[in-house]
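Close look at the chain arrangement
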Amino acid sequence: MSHPSRAHLSACLILLAALATHSNARADALVAVQVLREGGCGGLMPAAAPLNHSLLLDRTAEQWANGIALSAAVDRGTYPADTTAGLHVSGAEADLIRLLRQSSCSTVTRRDWQEIGLYRRGSEHWLVLAVRDTVPKHSQAPVLAARALQLVNQVRANGARCGERSFGPAPPVTLSVTLASVALGHAADMAQHAYFEHEDLAGRSPAQRVRAAGYADKLVGENIAYGPKSIDEVVQGWLDSPGHCENIMDPRFAQMGIAYASGQQSRRGLYWVQLLAAPRV
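Heads up: these notes are all about the structure in this document. This is a predicted model, so every value here is computed, not measured. (Residues numbered from 1 in each chain as written. Predicted model: local features only at pLDDT ≥ 70, side-chain atom pairs only at ≥ 80, totals over all residues. Heavy atoms only, no water.)

**Side note on empty space enclosed by the protein**
Counting across every chain of the model gives one cavity of 30 Å³ or more. Roughly 30 Å³ of volume is contained in the largest cavity. For the largest cavity, the full set of lining residues is A141, L144, A145, I231, I258, A259, Y260 and W272. Here the lining of the largest cavity is built from residues that sort into eight nonpolar, no polar and no charged. (1 Å grid on protein atoms, 1.4 Å probe; cavity = no way out; pocket = protein on both sides within 12 Å on 5 of 7 lines; lining within 4 Å. Points joined across faces, edges and corners; volume = space filled by probe spheres on them. Nonpolar A, V, L, I, M, F, W, Y, C, P; charged D, E, K, R; others polar.)

What follows is the structure, encoded as structure tokens:
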């Protein structure tokens, strides 16, 4: 005959204690979720930290309740969500802990959730759980550019294989304020207008944008990316792509600029632009 472990008993006791604590309180959906997270769904899952209540997500939950698809409701709102999940529960408030425990333990107790929004109509409850976008602050831009420069120069110093082509060591590149400004302009334009192309909406190529900024070049190359959340991730993604890798390894390039911008509406990820250039001497 098996016996419950000490940890399992402890988790169950936490849940029972929480239930007792809230027995005389309003057992609404927020309390139910917090109780289940703190108790690991009665010991079935690891315990998780409580969630912050977001008024913006309340609005998202209300729109979802009014018949708008959850993804569309998230897009309409101003909450910068990276990941969301929705739970629709029907039942009396006093039964919410039991109902959520039976149907949604793994969702409710996910440890990466940060915030929650709720909407109630009668016995119907709509819950939206979310992870906020982790967008780097603009004050971090110089630090990220320095890190990108370090990563690029490390691989240039060592040489690399880009698809079918092998590149030997190449001289280091330096950062250019002008190239960084042009990169930011294109990243911001793509983010604002939700497109992803080297040619901008005015029909200008990377080289044309660089020259318009007063930079005298002999050669310009551009790498773009959408989605990566860190500078290490975006540089590695370019190195894993033969064409982008060839740009980074091209020994003719001597200067670099890199920038990012946060997308809007349905494309809220980060847009990254790296410019590489050989200045005309």
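Now that the structure is up, let's keep going.
**Here's the deal with the pairing of strand 10 (residues 270–279)**
Put simply, side chains in a regular strand alternate between the two faces of the sheet. Taking burial as the measure, the 10 residues of strand 10 include nine buried ones, the bulk of the element. Relative to strand 10, strand 8 (residues 217–226) is paired through nine bridges, and the arrangement is antiparallel. Its bridge partner being in strand 10, I224 is matched across the sheet by V273. Two strands pair when backbone bridges link them, and strand 9 (residues 255–262) and strand 10 are joined in this way by eight bridges, in the antiparallel orientation. Bridge pairing links I258 to Q274 in strand 10. (Buried < 20%, exposed > 50% of the residue type's maximum accessible area, 1.4 Å probe, protein only. Helix = DSSP H or I, 4+ residues; strand = E, 2+ residues; numbered from the N terminus. Pairing = 2+ DSSP bridges.)

**As for the packing of helix 8 (residues 141–158) against helix 11 (residues 231–239)**
Between helix 8 and helix 11, the least distance of the axes is 9 Å, while the angle of their chain directions is 35°. Here helix 8 and helix 11 pass one another in a crossing that is right-handed. Within the contact between the two elements, helix 8 uses L144, R147, A148, L151 and V155 and helix 11 uses I231, D232, V235 and L239. For the contact of helix 8 with helix 11, the per-class residue count stands at seven nonpolar, no polar and two charged. (Axes fitted to C-alpha atoms, helices over the stretch in contact; angles between N-to-C directions. Left-handed = near helix turned anticlockwise from the far one by under 90°. Contact = heavy atoms within 4.5 Å.)

**Looking at the state of the cysteines**
The tally for this structure, following the rule as stated, stands at two disulfides. Between the sulfur of C41 and that of C105 lies a disulfide, 1.8 Å long from S to S. Taking the torsion about the S-S bond as the criterion, the C41 to C105 disulfide, at about -95°, is left-handed. Highlighted residues: C41 in helix 3 (residues 40–43) and C105 in helix 7 (residues 105–108), separated in sequence by 64 residues. Of the residues examined, C41 reaches a relative accessible area of 0% and is grouped as buried. In this structure C105 comes out as buried when scored by relative accessible area, which is 10%. Across the disulfide, C162 is cross-linked to C245 (sulfur-sulfur distance 2.0 Å). (Disulfide = S-S within 2.5 Å.)

**Some thoughts on the pairing of strand 4 (residues 124–132)**
Of all nine residues in strand 4, seven are buried, a share of seventy percent or more. Judged from the seven bridges that link them, strand 3 (residues 115–121) and strand 4 form a sheet pairing that is antiparallel. Across the sheet, the residue bridging to R120 is H125, located in strand 4. Connecting the antiparallel pair strand 3 and strand 4 is a turn made up of two residues, with G122 showing a positive phi of about 65°.

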